[in-house]
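An overview of the molecular structure
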Amino acid sequence: MLDQLRGRNLAHVGCTIGLVAGLLLGLIAALIVIQVMQNLSAVNVATVLWIGATVALGALGYFVGGRVSRRLWGEKPGDS
């Protein structure tokens, strides 16, 4: 399997996995916040939490995927 991935940048794969995880975990956390707070501002807090988790895990996945690519395949000359 690693031979099939050789030479490819895994940052976009990591980003996709991070976004999916962020959407799911953010939604679960948002539902918990709504159940605990049970007032009008709970929806606003839950929305910010959901979007924040999605963006944060997507960015983390992109960063980690890029680092894994460089670690597995080595940096090319001129890359920084």
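Just so it is clear, the structure is predicted and the values come from calculations on it, not from any experiment. (Residues numbered from 1 in each chain as written. Predicted model: local features only at pLDDT ≥ 70, side-chain atom pairs only at ≥ 80, totals over all residues. Heavy atoms only, no water.)

**As for the overall build of the chain**
Defined as follows: Elements are defined by DSSP. Helices are runs of H or I of four residues or more, strands are runs of E of two residues or more, and each kind is numbered from the N terminus. Residue burial is assigned from relative accessible area. The probe radius is 1.4 Å, only protein chains are included, and a residue is buried under 20% of its type maximum, exposed over 50%, and partly exposed in between. Any two residues whose heavy atoms approach within 4.5 Å at even a single point are treated as in contact. Method for areas: the Shrake-Rupley scheme with a 1.4 Å probe, in which residue coverage is limited to the protein chains shown.
When helices and strands are tallied, the chain shows 3 helices and 0 strands. Relative to its full complement of 80 residues, the chain shows a buried share of 21%. Nonlocal contacts in the chain, meaning residues at least 24 apart in sequence, comprise 76% of its contacts between residues at least 6 apart. Total accessible area on the chain is roughly 6,000 Å²; 69% of this is exposed by carbon and sulfur atoms.

**Structural notes on the environment of Ala56**
Inspection of the secondary structure assignment puts Ala56 in helix H3 (residues 41-73). Spatially, the C-alpha atoms of Ala56 and Gly18 are 8.2 Å apart, while their sequence positions differ by 38 residues.

**Examining the confidence of the model for the chain**
Our working rule: The pLDDT value expresses, per residue, how confident the predictor is, ranging between 0 and 100.
Of the residues in the chain, 81% have a pLDDT of 70 or more, and the chain-wide mean is 85. Per-element confidence in the chain is highest for helix H2 (residues 11-37), whose mean pLDDT is 92, and lowest for helix H1 (residues 2-5), whose mean pLDDT is 67.

**Quick look at the side chain of Thr54**
The condition is simple: Polar contacts, as used here, are pairs of N or O atoms within 3.5 Å; protein pairs need one atom able to donate a hydrogen and one able to accept it. Residues neighboring in sequence count only if both atoms are side-chain atoms.
Its place among the elements puts Thr54 in helix H3. Judged by relative accessible area, Thr54 falls into the buried class, the value being 13%. A polar side-chain atom of Thr54 sits 2.9 Å from the main-chain carbonyl oxygen of Trp50. Beyond its immediate chain neighbours, meaning those up to four positions away, Thr54 contacts Leu19, Gly22 and Leu23.

**Comments concerning H2**
Basically, it comes down to this: Here, expected helix span is obtained from the residue count minus one, scaled by 1.5 Å.
With 27 residues, H2 should reach 39 Å at 1.5 Å per residue; the first-to-last C-alpha distance of 37 Å fits that figure. Here H2 has its buried residues at Ala11, Gly14, Gly18, Gly22, Gly26, Ala30 and Val33. After H2 finishes, the residue Gln38 shows a positive phi value of roughly 45°.

**With respect to a nonpolar patch on the surface**
How we decide: Like charges within 9 Å and nonpolar side chains (Val, Leu, Ile, Met, Phe, Trp, Tyr) within 5 Å are joined into patches, using only residues over 30% in relative accessible area that form no salt bridge. Should a side-chain nitrogen of Lys or Arg be within 4 Å of a carboxyl oxygen of Asp or Glu, the pair is scored as a salt bridge.
Among the surface-exposed residues, Leu23, Leu27, Leu31, Trp50, Ile51 and Val55 lie close enough to one another that they form a single nonpolar patch of about 550 Å² accessible area. Contributing elements (two or more residues each) for the nonpolar patch: H2 and H3. Mapped onto the fold, Leu31 is located in helix H2.

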